[in-house]
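Here's the letter readout for the chains.
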Amino acid sequence: MAQLVPVDPFDLIIFGGTGDLAMRKLLPALYHRDCDGQLTPDSRIIAASRGALSQEQYLATVEASLRANLGEGDFDDKHWKKFSERLCYARADAFEHGDWTELVDALGGNEDRIRVAYLATAPSLFGPIANGLKTNKLITEASRIVLEKPLGRDLQSAREINNAVGECFRENQIYRIDHYLGKETVQNLLALRFGNSLFEPLWRRSAIDHVQFTVAENLGVGGRVEFYDRVGALRDMVQNHLLQLVCLFAMEPPSSLDQNAVRDEKIKVLRSLKPISADNAQSSTVRGQYTDGAIKGKTVTGYLDELEDKGSSTETFVALKLEIENWRWSGVPFYLRTGKRLKAKHSEIVVQFQDVPHSIFPEQEYNVSPNLLRIRLQPDEGVQLSVMAKEPGPGGFELRPVSLDLSFSETFGVRYPDAYERLLMEVLRGNSALFMRRDEVEAAWEWIDGIIEGWQVSKQKVESYVSGSWGPTASSMLLDRDGRAWHQDG
Ligand code: BG6
């Protein structure tokens, strides 16, 4: 386990401090970091929200939620007492800036220490809250602001948010979070590519046939249906998580892990994406929506039923063929798919290498499959390389693919920290390499806007898929047209 160093004393204000993200992710993450001794005794967490809650009511809510959301056996009464001493609640309405006295008082006298405002709220509140911090003179030299996704719903709204926040904070104080960048295996992608000399010569068009990215979930949209219906899978997952994975996979080697070195390389990938518009939307993308079905033997309802039959053409599944127009990747398709209520929660990147140029094994008897490199993101994080080997025995030359398999949890034998644990520590340390810069977010939206417009102009249909499947048939057809198939189907 890497050595854990405590971060300097801080005041962390969580706007939306009683909301779902704070309760399910942020506070459990901070609790874990506290248990590992990374928070100094005087560091404080201030929950801000518009409700009028007493300190006791707030602590009772956090305690109940930690008990429910921490892993089994992780809640400890003694530690909770210590952790609760750093928590406090302050009422602050995003639009009533004159009424922030509880927050102003809570922060008073601590102007020199690290001050982080985490906006776990709807994006429409980002500008008003940044402005409230400025109006109340709460922005110091050591201040940072963290913006949760979604950052807008298109390029224009993202720009408006960026402009509004940019009027109050410098770009190097703004941390736009994409929690996929905090996942251990996503970072392992960097370790795999740049900590080994083996792969780099193969990481290009001359050796790779195509790459598949799958981020599949087996849950439906559940309680978020109203929100989700305005968003859909393309904006919710592709604009951020999947494009970030593509960037880390496809970027040129950065000169260092320095925040701008990495982000400068990622933005070049985004700018090299071949546009998808009305001309090629139908042939390059698939939209799907789940219907009734069964997951792990349990019957589940369809999306429209969850929406109480209001009718909707929002996609809960997207598959697309992405092309990167540069020297390294020209001609190599990247197939992406993500969806809700699929067969399993399963995320991975599969790299299919080129066929051998000439088989010395007579075709009718032996089948030489291309090598596959699977980077499993979740669950069971690890890397698997399939190679052809000879079946043992004197009977002839039978070939079969076998796997060189590395499971990270078995190898390292430690609990995998949640992405938010790492990202919160990075903010507190002032390292923004794992956060998105303004130009990245806007370049991603520009590409996504093209697809959405393409769908509207070409009247692209939403295809139904049965819950518990791998998505609509059209998703398989997308690859079938190119003589390929998804590797995980079955
Ligand atoms: C969020 C999306 O960003 O990521 C959710 O808004 C999705 O719809 C979630 O369920 C998936 O995250 P993870 O870490 O469970 O893969």
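Per chain, the residues get numbers from 1 upward, laid out in the order the sequence is written. Per-residue local features of the predicted model are confined to residues with pLDDT of at least 70, and side-chain atom pairs are confined, for both listing and counting, to 80 or more; whole-chain, interface and lining totals are unaffected and use all residues. Working from all heavy atoms in the structure, the side-chain values ignore hydrogens and water.

Student: Is there a simple way to think about the overall build of the protein in this case?
Tutor: The secondary structure listing takes helices from DSSP runs of H or I that are at least 4 residues long and strands from runs of E that are at least 2 residues long, numbered from the N terminus. Scanning the protein from terminus to terminus reveals 16 helices and 16 strands. Rg of the C-alpha trace for the protein: 24 Å, near the compact-globule value of 23 Å for 490 residues, within the 12% margin. Seen along its three principal axes, the alpha-carbon backbone of the protein occupies a region of about 80 × 50 × 45 Å. Each residue's exposure class comes from its accessible area (1.4 Å probe, protein chains only) as a fraction of the maximum for that residue type: buried when under 20%, exposed when over 50%, partly exposed otherwise. Counting every position in the protein, which comprises 490 residues, the buried fraction comes to 53%. In short, Shrake-Rupley with a 1.4 Å probe defines the accessible areas, and a residue's cover is counted only from the protein chains shown. Working note: accessible area of the protein is about 22,100 Å², and carbon and sulfur atoms make up 51% of it. Charge centroids of the protein, computed over 57 positive and 70 negative side chains, lie 1 Å from each other. We compute the radius of gyration from the C-alpha atoms alone; for a globule the expected value is 2.2 Å times N to the 0.38, where N is the number of residues. Just so you know, the count uses Lys and Arg for positive and Asp and Glu for negative, and it drops His and the chain ends. Taken as the charge location is NZ of Lys, CZ of Arg, CG of Asp or CD of Glu.

Student: What should I look at first to understand the site of the ligand in this one?
Tutor: Nearness is defined per residue: one heavy atom within 4 Å of the molecule or strand is enough. Close to the ligand lie Lys 149, His 179, Tyr 180, Lys 183, Glu 217, Arg 224, Asp 236, Met 237, His 241, Lys 340, Lys 345 and Gln 378. At 2.8 Å from an oxygen atom of the ligand is found a side-chain nitrogen or oxygen belonging to Lys 149. The term polar contact refers here to a pair of N or O atoms within 3.5 Å; inside protein, the definition further demands a hydrogen-donor-capable atom paired with an acceptor-capable atom, and it admits residues adjacent in sequence only when both atoms are side-chain atoms. In the environment of the ligand, an oxygen atom lies 2.5 Å from a nitrogen or oxygen atom belonging to the side chain of Tyr 180. Take the shell around the ligand: its biggest share by element is 3 residues, from helix 9 (residues 232–250). All amino acids are sorted into three groups, where Ala, Val, Leu, Ile, Met, Phe, Trp, Tyr, Cys and Pro are nonpolar, Asp, Glu, Lys and Arg are charged, and the leftover types, Gly among them, are polar. Grouping the constituent residues of the shell around the ligand by class yields 2 nonpolar, 3 polar and 7 charged.

Student: I would appreciate a short explanation of the nonpolar core in the present structure.
Tutor: Proteins that are soluble and globular tend to have nonpolar side chains buried together. Take the buried residues of types Ala, Val, Leu, Ile, Met, Phe, Trp, Tyr and Cys, join any two whose side-chain atoms come within 4.5 Å, and each joined set is a nonpolar core. Of all hydrophobic cores here, the largest spans 145 residues; its most connected members are Phe 15, Leu 27, Phe 249 and Phe 334. The element contributing the most residues to this core is helix 9, with 12 residues. Any two residues whose heavy atoms approach within 4.5 Å at even a single point are treated as in contact. Residue contacts for Leu 27: discarding those within four places in its chain leaves Ile 14, Ala 22, Ile 45, Tyr 58, Val 62, Leu 66, Phe 83 and Leu 87.

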